[in-house]
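# Fold and contact review
Given next are the chains, with one letter for each unit.
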Amino acid sequence: MEEKRNYSSFDWFDAATPDDIINAAIQLGIENMVNTSSIARVTAVNENTVDLELLNGDKVINVPLCASSFNGWTISLPIKQDDTGIVFFTKYEISNYKSTGEFSGDSLSPYSQNNGVFVPFALFKQPAINDDIIISNEKIKLTINADNEVLFTCEKDSGTLTINFNKDNEIDINNEKASVLIDKDGGVTVTCESDISIDTKKDVNITCNNASIETQANAEIKATGNVTVEGATVAFCGATAAQGAVAVGSPCPLTGTHSKGSSKVFVPGM
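Residues numbered from 1 in each chain as written. Predicted model: local features only at pLDDT ≥ 70, side-chain atom pairs only at ≥ 80, totals over all residues. Heavy atoms only, no water.

### With respect to the overall build of the chain
When you go through the chain residue by residue, the secondary structure sums to two helices and 18 strands. Counting across all 270 residues of the chain, residues that qualify as buried make up 13%. For the chain, long-range pairs separated by at least 24 residues make up 33% of all intrachain contacts whose partners lie at least 6 apart in sequence. Of the roughly 22400 Å² of accessible surface on the chain, 53% is carried by carbon and sulfur atoms. (Helix = DSSP H or I, 4+ residues; strand = E, 2+ residues; numbered from the N terminus. Buried < 20%, exposed > 50% of the residue type's maximum accessible area, 1.4 Å probe, protein only. Contact = heavy atoms within 4.5 Å. Areas by Shrake-Rupley, 256 points an atom, 1.4 Å probe, with all protein chains shown as cover.)

What follows is the structure, encoded as structure tokens:
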């Protein structure tokens, strides 16, 4: 014989208390209405905003980009599609601030996805943490280390440009073909594998203690005006010459004490 069952009315308080029901409603509201922050991926870049895809698949558009701006300075960020970061959803409405810069906000839609601001971050395969400040991409790298040394490198198809400000108070500029070194005493050393050209519309003045110019081939001095060589002792030395040791191409007055005679004017053939 089948057992008799009791189908009396069901009391909901046996299943959940009023606090349980309230907590469940709050939980449901938070999950569906309140947004705090989320990791996001850039799907499109607009003039000064980005469109984003959240981890849960939601899409938000025209989200302002948090670029550093202070005291008249602005750091522009070259954001591209598929860059990642964090989007924060503010408590107050930010539409007035986004459109006109007006510093005011109402609580019309607290923590809505319409009130998001995007901060780009490296969230995957970040560089190792150390004491250096490093700004880099695939071709350019700027490093400032704990000793306040600055190293800048830029890779080009023709080679690598390096600018190094080291702890010995030296500046070294090198592009693998030429280098300029300014040492801590103010000395300058220029080394290169090609020509050095100085092109100026004004005068070139060189003042120093001693000067030495050596060339392994020919040397020429050309001027549309006068050429003056002046010194306590002026020596002209060469392998062949019209007058002793030097071939003079035009009348050349020599003044002072000379290694080849007196202060006469040498003329070709004389």
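### Section: a nonpolar patch on the surface
A cluster of nonpolar side chains, contributed by Leu 161, Ile 173, Val 180, Ile 182, Val 188, Val 190, Ile 196, Ile 198, Val 204 and Ile 206, occupies part of the molecular surface with about 930 Å² of accessible area. Counting residues per element, the ones that place at least two in the nonpolar patch are β13 (178-182) and β14 (188-192). Of note, Val 190 is situated in strand β14. (Patch = residues over 30% accessible without salt bridge, like charges linked within 9 Å, V, L, I, M, F, W, Y side chains within 5 Å. Salt bridge = Lys/Arg side-chain N within 4 Å of Asp/Glu carboxyl O.)

### Remarks on the sheet that holds β13
The antiparallel open sheet is built from seven strands, whose spatial order is β8-β9-β10-β11-β12-β13-β14. Where the open sheet ends on each side, the last strands, each with one partner, are β8 (133-136) and β14. Adjacent strand axes in the sheet meet at a mean angle of 5 degrees when their direction is disregarded. Pairing geometry for strand β10 (residues 150-156) and strand β11 (residues 159-165), over seven bridges, is antiparallel. Looking at the pairing, Glu 155 lines up with Thr 160 of β11. (Pairing = 2+ DSSP bridges. Axes fitted to C-alpha atoms, helices over the stretch in contact; angles between N-to-C directions.)

### Quick notes on the side chain of Ser 38
Topologically, Ser 38 is positioned in strand β1 (residues 37-45). Classification of Ser 38 as buried rests on a relative accessible area of 17%.

### Things to note about the sheet that holds strand β3 (residues 59-64)
Across the sheet, which stays open at both edges, the five strands sit in the order β3-β2-β1-β6-β7 with antiparallel pairing between neighbours. At either end of the open sheet lies a strand with only one pairing partner, and these are β3 and β7 (116-120). Adjacent strand axes in the sheet meet at a mean angle of 45 degrees when their direction is disregarded. Two strands pair when backbone bridges link them, and β1 and strand β6 (residues 84-89) are joined in this way by five bridges, in the antiparallel orientation. Within β6, the residue paired with Ala 40 across the bridge is Gly 85.

### Some points on the layout of surface pockets
Considering only enclosed or pocket space, the second largest pocket measures out at about 930 Å³ in volume. Around the second largest pocket sit 18 residues that line it, and Phe 121, Ala 122, Ile 135, Ser 136 and Asn 137 are the ones nearest its centre. Counting only elements with at least two residues in the lining of the second largest pocket, the list comes to β8 and β9 (140-144). With three residues, the top contributor of residues to the lining of the second largest pocket is β8. Along the lines of polarity and charge, the residues of the lining of the second largest pocket split into 13 nonpolar, three polar and two charged. (1 Å grid on protein atoms, 1.4 Å probe; cavity = no way out; pocket = protein on both sides within 12 Å on 5 of 7 lines; lining within 4 Å. Points joined across faces, edges and corners; volume = space filled by probe spheres on them. Nonpolar A, V, L, I, M, F, W, Y, C, P; charged D, E, K, R; others polar.)

### Quick word on the environment of Tyr 111
As for its position among the elements, Tyr 111 is in the loop between α2 (95-100) and β7. With 21 residues separating them in the primary sequence, Tyr 111 and Thr 90 have C-alpha atoms 5.2 Å apart.

### Focus: the nonpolar core
Core analysis: the biggest nonpolar cluster contains eleven residues, these being Ala 40, Val 42, Val 50, Leu 52, Leu 54, Val 60, Val 63, Ile 79, Val 87, Phe 89 and Phe 118. Those elements giving two or more residues to this core turn out to be β1, β2 (49-54), β3 and β6. With three residues, β2 is the largest single contributor of residues to this core. With residues up to four places along the chain from it excluded, the contact list for Phe 89 reads Asn 35, Thr 36, Ser 37, Leu 54, Tyr 111, Ser 112, Gln 113, Asn 115 and Gly 116. (Core = buried A, V, L, I, M, F, W, Y, C linked by side-chain atoms within 4.5 Å.)

### A word on unusual backbone geometry
Backbone geometry places Asn 169, a non-glycine residue, at a positive phi of 60 degrees. Locating Asn 169 in the fold gives a position in the loop between β11 and β12 (171-174). Owing to a relative accessible area of 58%, Asn 169 belongs among the exposed residues under this scheme. Positioned with a positive phi, Glu 176 is a non-glycine residue whose angle comes to about 75 degrees. Inspection of the secondary structure puts Glu 176 in the loop between β12 and β13.

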